[in-house]
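Residue-level structure breakdown
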Amino acid sequence: MATSTPLNPATTSSRTINKLGVAAVVVTVALWASAFVGIRAVGPSFSPGSLTLGRLAVAAVALGIVALPKLRTWPKGREWWPILAYGVMWFGGYNVALNAAEHLLDAGTSAMLINVSPILIAVLAGFILKEGFPRWLIIGSLVAFGGVVLIALGSGQRSTADVAGVLLCLLAAVLAAVSVIVQKPVLRKFPAAQATWFGIMVGAVCCLPWAGQLVAEVQAAPLPATLGLVYLGVFPTAIAFTTWAYALSLIEAGKLAATTYLVPGTTILISWALLNEVPGVWGLVGGIVCLVGVGLTRRRSR
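Anyway, here's the lowdown on the structure attached to this text. (Residues numbered from 1 in each chain as written. Predicted model: local features only at pLDDT ≥ 70, side-chain atom pairs only at ≥ 80, totals over all residues. Heavy atoms only, no water.)

1. Things to note about the overall build of the protein
So the rule is basically this: By definition, any uninterrupted DSSP run of H or I lasting at least four residues is a helix, any uninterrupted run of E lasting at least two residues is a strand, and each is numbered from the N terminus. Relative accessibility thresholds used throughout: buried, under 20% of the residue-type maximum; exposed, over 50%; partly exposed, between the two (1.4 Å probe, protein chains only). It only takes one pair of heavy atoms within 4.5 Å for two residues to be counted as in contact. What sets the accessible areas is the Shrake-Rupley method with a 1.4 Å probe; for residues, cover comes only from the shown protein chains.
Counting its regular elements, the protein contains 13 helices and zero strands. Order of helices (α) and strands (β) in the protein, N terminus to C terminus: α-α-α-α-α-α-α-α-α-α-α-α-α. Across the 302 residues of the protein, 50% fall into the buried class. Counting contacts in the protein only where the partners sit at least 6 residues apart, residues at least 24 apart contribute 90% of the total. Summing over all exposed atoms, the protein offers an accessible surface of approximately 14300 Å²; the carbon and sulfur share of this is 71%.

As C-alpha cells, then:
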C-alpha cells in the first residue's frame with residue numbers, strides 16, 4: 001500500500017516565497033525597461049529635475065493610497081538615516097542623473113550603462129552585507145567594466161555630449177548601487193510598499209526646487225507627454241520600486257542585482273518598437289561584453 005509523503009511546511013513556504021520573488025523580479029525588469037523608453041519619449045517636454053519631481057509626486061499619491069492605510073508605525077530616530085540616504089540618492093539623485101543622461105543618449109545605451117550598478121551592488125553586498133566575495137565576481141566585474149569602456153570610447157568618437165551622457169549614467173549607477181545596500185536593512189522592519197513610499201517622499205522633497213518649472217512645463221506639454229509622466233510615476237516608480245523592494249527582502253542583494261541585466265535587452269526591444277532607436281555598434285558590442293562579464297560573476301568558485 002502506497003503511503004504519501006507529508007509536505008514540509010517550511011519547504012512549501014520557501015517555494016511560495018521563491019515564486020513570489022521571481023514574479024516581483026519579472027514585473028520590476030519589464031517596468032524599469034519601459035522607464036528608459038518613457039523618459040526618452042517625454043524628454044523633449046520635461047527637463048530632468050521637473051520630470052523627476054513630477055514622477056515622484058504621482059508615485060507618492062499612487063503608492064500612498066496603498067501603503068498609508070496599512071502603516072502602523074513610523075521610523076524613529078536613527079531609523080530615518082538609511083531612509084533619508086536612499087531617498088536622496090536613489091529617488092532623487094539617480095532619477096535626475098538618468099533623466100539628464102537620456103537627453104544625450106538613446107534609451108538602450110543608457111540602460112546598458114546603468115548596468116554597472118549590479119556589479120557594484122554585488123561587490124558592496126559582499127563586503128557590507130557579508131554575502132560573499134567569490135573570485136569570479138572580480139573577474140566578471142573587470143570584464144563588464146571593459147564593456148562600459150567600449151561604450152564610452154564609442155561615444156567619445158561621436159561628441160562630447162555623449163561622453164557627458166555616459167558620465168551621468170555612471171553616476172546614476174553608483175547612486176543606485178549604494179542605495180540598494182542601504183535599503184536592504186530597512187526592509188527587515190518595514191514592508192516593501194512602506195519603505196518605498198518613505199524614499200519617494202524624501203526624493204520628492206529634495207526635488208521641490210523644480211516645482212515652478214514642473215508647473216510651467218505641464219501647462220506647455222502636449223497631452224501624450226503628460227500621460228507619459230503619469231505612467232512613469234505609477235508603473236516604473238510606484239509599482240516597480242515596490243516589487244524590487246519586495247524581492248530584495250527575500251533575495252540576497254548581489255543575486256537579485258544580476259537579474260537587472262535583463263533590462264537592457266528589454267529596453268532595446270521596446271525602444272526599437274516605439275521610438276525606432278537602436279544603439280550604435282559600440283553600444284551593442286559594449287553591452288554584450290557587459291553581459292558576458294555578468295555571466296562570469298554568476299559562476300561558482302570550486
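Having put the structure on the table, let's press on.
2. Section: the packing of aromatic side chains
Going by this rule: Stacked, tilted and edge-to-face pairs are distinguished by plane angle, under 30 degrees for stacked and over 60 for edge-to-face with tilted covering the rest, among Phe, Tyr and Trp rings (Trp via its six-membered ring) whose centres lie within 6.5 Å.
Across all of its chains, the model carries 14 aromatic pairs by this definition. Ring geometry for Phe190 and Phe198: centres 5.5 Å apart, planes at 90°, overall edge-to-face. For Phe190, a relative accessible area of 4% gives the class buried. Exposure remark for Phe198: the relative accessible area of 2% places this residue in the buried category. Three or more aromatic residues joined by ring pairs make a cluster, and in this case those are Trp32, Tyr86, Trp90, Phe91, Phe241 and Trp244.

3. Description of the pattern of salt bridges
This is how the line gets drawn: Put simply, a salt bridge is a Lys or Arg side-chain nitrogen that is within 4 Å of an Asp or Glu carboxyl oxygen.
Overall, the coordinates contain one salt bridge when judged by the stated rule. Glu79 is paired through a salt bridge with Lys189; the nearest N and O atoms lie 2.4 Å apart. Of the two residues, Glu79 is situated in the loop between α2 (48-67) and α3 (80-101) and Lys189 in the loop between α7 (160-186) and α8 (192-206); the sequence distance between them amounts to 110 residues. A relative accessible area of 26% means that Glu79 is categorised as partly exposed.

4. Here's the deal with the side chain of Thr196
Going by this rule: We call two N or O atoms a polar contact when they sit within 3.5 Å, provided that within protein one can donate a hydrogen and the other can accept it, with sequence-adjacent residues counted only if both atoms are side-chain atoms.
By the element assignment, Thr196 lies in helix α8. A distance of 3.5 Å separates the side chain of Thr196 from the backbone oxygen of Phe241, its partner in a polar contact. Not counting residues within four places of it along the chain, the set of residues in contact with Thr196 comprises Leu63, Phe91, Phe241, Thr242 and Ala245.

5. Observations concerning the packing of α8 against helix α10 (residues 223-250)
Here is the rule: The axes are straight lines fitted to the C-alpha atoms, using for helices just the contacting stretch, and the angles between their N-to-C directions are given from 0 to 180°. Here is the rule for angles: anything less than 35 degrees is roughly parallel, anything more than 145 is roughly antiparallel, 65 through 115 is roughly perpendicular, and the remaining ranges are oblique. Working rule for handedness: look at the near helix, and if it is turned counterclockwise from the far one by less than a right angle, call the crossing left-handed; if clockwise, right-handed. Amino acid classes used here: Ala, Val, Leu, Ile, Met, Phe, Trp, Tyr, Cys and Pro are nonpolar; Asp, Glu, Lys and Arg are charged; the rest, including Gly, are polar.
The N-to-C vectors of α8 and α10 enclose an angle of 125°; their axes lie 8 Å apart at closest approach. With respect to each other, α8 and α10 are oriented oblique. The handedness of the crossing between α8 and α10 is right-handed. In this structure, α8 contributes Ala192, Ala193, Thr196 and Ile200 to the contact, and α10 contributes Thr237, Phe241, Thr242, Ala245 and Tyr246. Its residues placed into classes, the contact of α8 with α10 shows six nonpolar, three polar and no charged.

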